[in-house]
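Each chain, written out:
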Amino acid sequence: MSMFRKKELTAVSSEPSAMKKDLKTMDLIMLGIGAIVGTGIFVVTGVAAEQYAGPALSLSFLVAAGAIILAGLCYAEFASRIPAIGGPYAYMYVVFGELVAWMTGWLVICEFFLAVSSVASGWSGYVHGFLNSLGVDFPKALSGAYNPANGTYVDLIAMLVLLAVTFWVSLEAKTALRLNNVMVFVKFGIITLFLIVGIFYVKPDNWQPFMPFGFSGVVSGAAVVFFAFLGFDAVSMTAEEVKNPQKDIPKGIIGSIIIATVLYVIVTLVLTGIVPFDALGVKDPVAFAMRFVQRDGVAGVISVGAILTLLTVTISMMYSLARIIYAISKDGLLPKFMSKIDEKKRTPKNATYVAGGCTMIFAGLVPMELLAELTNIVTLMYLIVMAIGIIRLRKVAGDPKPGEFKIPFVPLVPILLVIVSIGLMLQLQAATWKAFAIALVLGFVIYFAYGYKHSNEGKIKH
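Not measured: the values here are computed from a predicted model.

Visitor: Please clarify how the pattern of salt bridges should be interpreted in this entry.
Guide: Two side chains carrying opposite charge are able to pair once their charged atoms lie near each other. Throughout the structure, instances matching the rule amount to 8 salt bridges. Between aspartate 331 and lysine 7 there is a salt bridge, and its shortest N-O distance comes to 2.7 Å. Residue aspartate 331 is found in the loop between α12 (296-330) and α13 (349-365), and its partner lysine 7 is found in the segment before α1 (9-13); the two are separated by 324 residues along the sequence. Here aspartate 331 falls in the buried class, since its relative accessible area comes to 8%. For lysine 7, a relative accessible area of 11% puts it in the buried group. Its salt-bridge partner being glutamate 77, residue arginine 394 comes within 2.9 Å of it at the nearest N-O pair.

Below is the structure:
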């Protein structure tokens, strides 16, 4: 059937790029860390320790990291063998054809769209809290998503930060990621400050019992903190802007996952050593730990730093969202105007503006907590498709060539990723599955109403 028309592997790999190729391995690792390390350390750790795993949350991070590394290996082989912009979307176009590629791309768009909007909302919450601590009262009507019963109508700060991020991401890739790199170093500085000060207040007794909820609590905690690793896939969206994508992208993916894992484990051990786990049910656990030991000055620095460094997550995710929209538009499955490249900056200007405009509206008006789990389920679904895609790629194109990244133990590694992803999906609530079904239906409607008729591959086949 023509809706399963495929791109040839050699054709995809040799497609000319209109964008500037000046990113290297370190740029990609910094992009990955910028996208991953943020809410995982500064927000999720406290509640996850209190409600799920206790001090053993450090083990939860290791379990979650194992699953993420499985996904990262699949990404690394695909990125090495099919170095095309669009990440999973581009890969599925080669192995399964257009319809599966579109639906995978649609799930990736949903992931980044929801992530950008929710992080902007979270960033707004930090800013409001900081302003309140200074005695500055922001108009309530402009301080939150649309909720007349609560007196809020629009989250103005969330919209303004996305306006600034959209402008920044529309600049040259190297320029756009420069702020990200600076903020990553600020992030490392804050984490280092916390560890240097905090290690003197660690009480080993706080680690007892180490597994207050048993091993099942460790697994439940892993299901929660799994999503603290999301963002590593942003690296695969850079293919057309990387000097040596076959080698640099796999290094960027695996490198950022390993560094994030080490940071998560060390911070969690120190955090639960300072504060009893049952007192960590707060939104700012790292700053709270410093206040807990009367180091209010350090807590203030960490709070301001968290506000600044959450920008890195927004920049990384917006960068990736614009690239996936550009890649799909370039193939005709979304309106062509979104594939226009800025002649001077060599960036997908229109795709960036569309991504920014949509996320601004969403972050400003929609309470993100209602859709938070939807981010999780769409991500897990396309990771399942990716895992199956690796097995299919090996069948249709053989093993990777010398110099290309090769996953060991295929099909065992992809099958493990499928099992883990399904297990995590089954832990999500029924309302999330209903929202997921709606998202899938909307994706099919867009494809058959527009994409199928305007596809470049369809025109070629005819």
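Visitor: Can you help me understand helix α9 (residues 214-225) in this one?
Guide: Given 3.6 residues to a turn, an α-helix orients residues that are three or four positions apart in the same direction. Its 12 residues place the ends of α9 17 Å apart at the C-alpha level, agreeing with the 16 Å of an ideal helix rising 1.5 Å per residue. All buried positions along α9 are accounted for by Gly217, Val218, Gly221, Ala222, Ala223 and Val225.

Visitor: Help me out: how do you make sense of the side chain of asparagine 350 in this one?
Guide: Tracing the backbone through its elements, the reader meets asparagine 350 in helix α13. The class of asparagine 350 is buried, set by a relative accessible area of 17%. Every residue in contact with asparagine 350, bar those within four places of it in the chain, is listed here: Phe337, Met338 and Lys340.

Visitor: I would appreciate a short explanation of the nonpolar core in the present structure.
Guide: Buried together is how nonpolar side chains tend to be arranged in soluble globular proteins. The biggest cluster of nonpolar side chains holds 149 residues, and the ones touching the most others in it are Phe194 and Phe226. At 20 residues, helix α6 (residues 98-133) tops the list of elements feeding residues into this core. In contact with phenylalanine 226, not counting residues within four places along its chain, are Ala64, Ala67, Ile68, Leu380, Leu383 and Leu424.

Visitor: Which parts of the structure should I look at to understand unusual backbone geometry?
Guide: If a residue is not glycine, its phi is most likely negative; likewise, a peptide bond is most likely trans. A cis geometry characterises the amide bond from glutamine 208 onward to proline 209, with omega recorded as -10 degrees. As for its placement among the helices and strands, proline 209 is situated in the loop between α8 (173-198) and α9. Across the junction of valine 410 and proline 411, the peptide omega takes the value 15 degrees, indicating a cis bond. With respect to the secondary-structure elements, proline 411 resides in the loop between α14 (372-397) and α15 (412-425). At glutamine 294, a residue that is not glycine, the phi angle is positive and equals roughly 60 degrees. In this fold, glutamine 294 is placed in the loop between α11 (285-292) and α12.

Visitor: Explain the environment of valine 413 here, please?
Guide: On the secondary structure map, valine 413 appears in helix α15. You can call valine 413 buried: its relative accessible area is 7%. For the pair formed by valine 413 and leucine 131, sequence separation is 282 residues and the distance between their alpha carbons is 48 Å.

Visitor: In this structure, what is going on with the packing of aromatic side chains? I would like to understand it.
Guide: Applying the stated criterion across every chain, the model contains 13 aromatic pairs. Taken together, a centroid distance of 5.6 Å and an interplanar angle of 70 degrees make the contact between tyrosine 89 and tyrosine 93 edge-to-face. Remark: tyrosine 93 and tyrosine 89 occur in helix α5 (residues 88-95); sequence separation between them is 4 residues, near one turn of the helix. Judged on exposure class, the residue tyrosine 89 and its partner tyrosine 93 are both buried.

Here is what the cut-offs are and how they apply
- Residues numbered from 1 in each chain as written.
- Predicted model: local features only at pLDDT ≥ 70, side-chain atom pairs only at ≥ 80, totals over all residues.
- Heavy atoms only, no water.
- Salt bridge = Lys/Arg side-chain N within 4 Å of Asp/Glu carboxyl O.
- Helix = DSSP H or I, 4+ residues; strand = E, 2+ residues; numbered from the N terminus.
- Buried < 20%, exposed > 50% of the residue type's maximum accessible area, 1.4 Å probe, protein only.
- Expected span 1.5 Å × (residues − 1).
- Contact = heavy atoms within 4.5 Å.
- Core = buried A, V, L, I, M, F, W, Y, C linked by side-chain atoms within 4.5 Å.
- Phe/Tyr/Trp six-rings, centres within 6.5 Å; stacked < 30°, edge-to-face > 60°.

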